[in-house]
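A closer look at the structure
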Amino acid sequence: MMPLPKTPSFRLEGRRALVTGASSGIGQGCAVALAEAGAHVVLAARGLQRLDQTIQSMHEQGYSCEALALDIADVAAVQKAVSQQGPFDILVNSAGLARHAAALDTQLEDFDTVMNVNLRGAYFLTQAVAKGLIEAGKPGSLINISSQMAHVGGVDRSVYCASKFAVEGFTKAMAIEWGRAGIRVNTVCPTFIRTPLTEQTFDQPERVRWIEEKIKMGRTGVVEDIMGSVLYLASDAAALVTGTALMVDGGWTAD
Ligand SMILES: NC(=O)C1=CN([C@@H]2O[C@H](COP(=O)(O)OP(=O)(O)OC[C@H]3O[C@@H](n4cnc5c(N)ncnc54)[C@H](O)[C@@H]3O)[C@@H](O)[C@H]2O)C=CC1
Ligand SMILES: O=C(O)C(=O)C[C@H](O)C(=O)CO
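Anyway, here's the lowdown on the structure attached to this text. Keep in mind it's a predicted model, so treat the numbers as computed, not measured.

**As for the layout of surface pockets**
The calculated volume of the largest pocket comes to roughly 970 Å³. Lining the largest pocket are 42 residues, with S94, A95, G96, L97 and L197 sitting closest to its centre. Secondary structure elements with two or more residues in the lining of the largest pocket: α1 (25-36), β2 (40-45), α4 (108-136), α5 (158-178) and α6 (199-202). The leading source of residues in the lining of the largest pocket is α1, at three residues. Of the residues contributing to the lining of the largest pocket, the split by class is 18 nonpolar, 19 polar and five charged. Estimated volume of the second largest pocket: approximately 250 Å³. For the second largest pocket, the lining is made up of 18 residues, of which P139, G140, G182, R184 and D236 are closest to its centre. For the lining of the second largest pocket, the class distribution of residues is seven nonpolar, six polar and five charged.

**A word on the packing of helix α3 (residues 75-85) against α4**
Put simply, α3 and α4 touch, their axes get as near as 9 Å, and they point 25° apart. When the axes of α3 and α4 are compared, the pair comes out roughly parallel. Considering how the two elements wind past one another, α3 and α4 form a crossing that is right-handed. In this structure, α3 contributes V75, V78, Q79 and V82 to the contact, and α4 contributes R120, F124, L125, Q127, A128 and V129.

**Side note on the site of ligand 1**
Near ligand 1 you find 29 residues, and of these S24, I26, Y160, I193 and T195 are the closest. The contact in question runs from an oxygen atom of ligand 1 to an N or O atom on the backbone of I193, over 2.7 Å. Compared with its free state, where it exposes 810 Å², ligand 1 has 94% of that area covered by protein. According to the grid-proximity analysis, the pocket containing ligand 1 is the largest pocket.

Procedures and definitions
- Residues numbered from 1 in each chain as written.
- Chains lettered and ligands numbered in written order.
- Predicted model: local features only at pLDDT ≥ 70, side-chain atom pairs only at ≥ 80, totals over all residues.
- Heavy atoms only, no water.
- 1 Å grid on protein atoms, 1.4 Å probe; cavity = no way out; pocket = protein on both sides within 12 Å on 5 of 7 lines; lining within 4 Å.
- Points joined across faces, edges and corners; volume = space filled by probe spheres on them.
- Helix = DSSP H or I, 4+ residues; strand = E, 2+ residues; numbered from the N terminus.
- Nonpolar A, V, L, I, M, F, W, Y, C, P; charged D, E, K, R; others polar.
- Axes fitted to C-alpha atoms, helices over the stretch in contact; angles between N-to-C directions.
- Parallel < 35°, antiparallel > 145°, perpendicular 65-115°, else oblique.
- Left-handed = near helix turned anticlockwise from the far one by under 90°.
- Contact = heavy atoms within 4.5 Å.
- Near = heavy atom within 4 Å.
- Polar contact = N/O pair within 3.5 Å; in protein donor to acceptor, adjacent residues only side chain to side chain.
- Areas by Shrake-Rupley, 256 points an atom, 1.4 Å probe, with all protein chains shown as cover.
- Sits in = over half its atoms within 2 Å of the grid points.

This is the structure we're talking about:
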């Protein structure tokens, strides 16, 4: 019989994953996807109270997981948490926020708040997890939840776009530096997904209609649309995928 190529595995048994922003939205979905695939998942959020129900439901499903209180804007706390709880084979950095304002009206405080989480926090968390892996001599998969707005602009979104374009930049640079160590670094770039972050946007029917026109597949996204892409990048199925952006945007950026 002719030997056939072996299908790569999407399973994650024996891997330890850290997911930030895990108490809601995309982060929560990614934590479930990784745990379902067999990883032990550390769910990080600023407040443990909001995580409790998620952890309880995941335990009821038989998933291996635990909670971690972590503000990713606090770089010293991030470094301490990762050195105490790591090494992590998988990182999904989903913590993020937005402040919408016309570029002419943007306030310094809002600029700093967005950058401190979306860029500075994500950068130093990725650095800390990679350091742990390199010290342990282990490979890993580090995934930043970026955005389609890391590839196109948006009205009143200049700071958010700046933060996410920057995430794409450091992701590529780190992928180059750590490739030989077997550490892959990628982004996932969602279109509009219904989560607490986008509640206000989804409350405006005209804006939703405009968004649905821009998305070539004609619909906005749900958290489940992102879970599969993160699972793929985390797994050995993506063993040669690094420094790239996986667009989950229904074709928004295709033209
Ligand atoms: N919902 C959407 O349409 C899209 C979301 N994204 C990105 O996906 C990621 C997740 O967002 P969603 O799940 O939609 O919103 P979400 O609001 O449900 O999740 C974001 C989480 O980040 C947490 N967070 C904020 N600041 C933090 C900090 N300093 N330390 C720790 N955690 C912090 C929030 O508490 C929240 O749980 C964000 O990075 C966002 O920019 C990207 C494209 C589209
Ligand atoms: O309501 C918005 O606009 C946003 O919050 C932006 C989304 O998070 C986003 O990244 C859409 O691509």
